[in-house]
Amino acid sequence: MPERFRDDARIDRRTFLTVAGAGAAAALIGCDSMGSRRLEPALAAAQRGNEGVERLLFRHRSDAFPQYFVSDTVPMWDEATSGVWRLEVNGAVRRPLSLSLDDLTKLPRVAQTVDHFCVEGWTARAQWMGVRVSELARAAGATSDAHYVDFQSFDSDYHESWDIDSAMHHQTLVAYAMDGRYLGAGHGAPARVHSPVKLGYKNTKYLTRVVFMPVRNGGYWSDRGYEWYAGT
């Protein structure tokens, strides 16, 4: 399972089957010869149940957006032991960068409301704010042999490498805010990769390093049998 969930609001299988069963019962009652008036209470109950399922499936609030990580506990940057968080941009570049969160927020910012697609089949939506990876490439002077980008994190040994075209897509961000607020620990603070052009496991959270490379080097889930490209 590539994404560890922390989402108390998600619908469980028993609830879904209960509602579905109510709908099926209503359909069977529809065969009763006593007439439609006897069906109204059951149909109304089934409709209320279906509406409840739809509200859960289509709710797009940041507190309902699933949280996932590979560490045993939620990763949190500790300034006392690790110093001030910085994002390193290096590898096949002319001007390596070392950016604090404040530095990052001063770069040209982008806000976009897009879907997040998980390999397990769910989709969520949020507004993300951050800096285009292409802007970081420009600022660092990525060289012509930079064909791949590796996004590395402090979530254990999590990382994922991307093809350069996907990384340079205008919707691929190093995001530091979600739905109008700075990222919380559960969603990848202080910064994370986010792009609708890749499945969720490619969107590295708890970001520490962006490395431009001439060759690809796999990734946490890619090395465990998941598709490396993982486009949506």
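The structure contained in this document is the topic of the report that follows. Note that this is a predicted model, so its numbers are computed, not measured.

Turning to its location among the elements, Ala92 is positioned in the loop between β1 (86-91) and β2 (97-100). Judged by relative accessible area, Ala92 falls into the buried class, the value being 12%. A C-alpha to C-alpha distance of 5.6 Å links Ala92 and Met213, two positions 121 residues apart in sequence. Sequence-distant contacts of Ala92, defined by excluding residues within four places in its chain, comprise Gly141, Ala142, Thr143, Asp145, Ala146, Phe212 and Met213.

Bridge analysis of β1 against β2 gives four bridges, and the strand direction is antiparallel. Across the sheet, the residue bridging to Glu88 is Ser98, located in β2. Between β1 and β2, which pair antiparallel one after the other, the connecting turn spans five residues.

Among the residues making up helix α5 (residues 133-140), those that are buried are Val133, Glu135, Leu136, Ala137 and Ala140. With its phi angle positive at about 70°, Gly141 sits one or two positions after the end of α5.

This part takes up the nonpolar core. Leu87, Leu104, Phe151 and Phe212 are the most contacted members of the largest nonpolar core, which totals 28 residues. Among the secondary structure elements, those contributing two or more residues to this core are β1, β2, α5, β5 (148-153), α6 (164-167), β7 (173-178) and β10 (207-213). If you tally residues by element for this core, the top one is α5, at four residues. Those residues in contact with Leu87 that sit more than four places away from it in its chain are Leu97, Ser98, Leu99, Leu104, Leu136, Val174, Leu207, Thr208, Arg209 and Val210. Within the second largest apolar cluster, 13 residues are counted, among which are Phe65, Cys118, Ala124 and Trp128.

Moving on, we get to the environment of Leu101. Position of Leu101 among the secondary structure elements: in helix α4 (residues 101-106). A C-alpha to C-alpha distance of 7.8 Å links Leu101 and Leu87, two positions 14 residues apart in sequence. Non-local contacts of Leu101, meaning those with residues more than four positions away in its chain, are made with Trp85, Tyr176, Tyr182 and Pro190.

This next bit is on the sheet that holds β10. Read across the open sheet, the five strands follow the order β2-β1-β10-β5-β6; overall the sheet is mixed. Edge positions in the sheet fall to β2 and β6 (159-163), since each has one partner strand and no second. Here the average twist between neighbouring strands, direction ignored, is 15°. Along the sheet face, α5 touches β1, β2, β5 and β10 and points at about 130° away from the line of β2.

What follows covers the pattern of salt bridges. Counted according to the given criterion, the structure contains six salt bridges. The partner of Lys106 in a salt bridge is Asp102, with the nearest N and O atoms 3.1 Å apart. Placement of both Lys106 and Asp102 in helix α4 is noted, with a separation of four residues, approximately one turn of the helix. Under the relative-accessibility criterion, Asp102 is labelled partly exposed at 45%. The salt bridge partner of Glu135 is Arg138, with a shortest N-O separation of 2.6 Å. Here Arg138 and Glu135 lie together in helix α5, a separation of three residues that amounts to about one turn. For Glu135, a relative accessible area of 15% puts it in the buried group.

Procedures and definitions
- Residues numbered from 1 in each chain as written.
- Predicted model: local features only at pLDDT ≥ 70, side-chain atom pairs only at ≥ 80, totals over all residues.
- Heavy atoms only, no water.
- Helix = DSSP H or I, 4+ residues; strand = E, 2+ residues; numbered from the N terminus.
- Buried < 20%, exposed > 50% of the residue type's maximum accessible area, 1.4 Å probe, protein only.
- Contact = heavy atoms within 4.5 Å.
- Pairing = 2+ DSSP bridges.
- Core = buried A, V, L, I, M, F, W, Y, C linked by side-chain atoms within 4.5 Å.
- Axes fitted to C-alpha atoms, helices over the stretch in contact; angles between N-to-C directions.
- Salt bridge = Lys/Arg side-chain N within 4 Å of Asp/Glu carboxyl O.

Without other data, these values stay purely geometric and don't point to any function.
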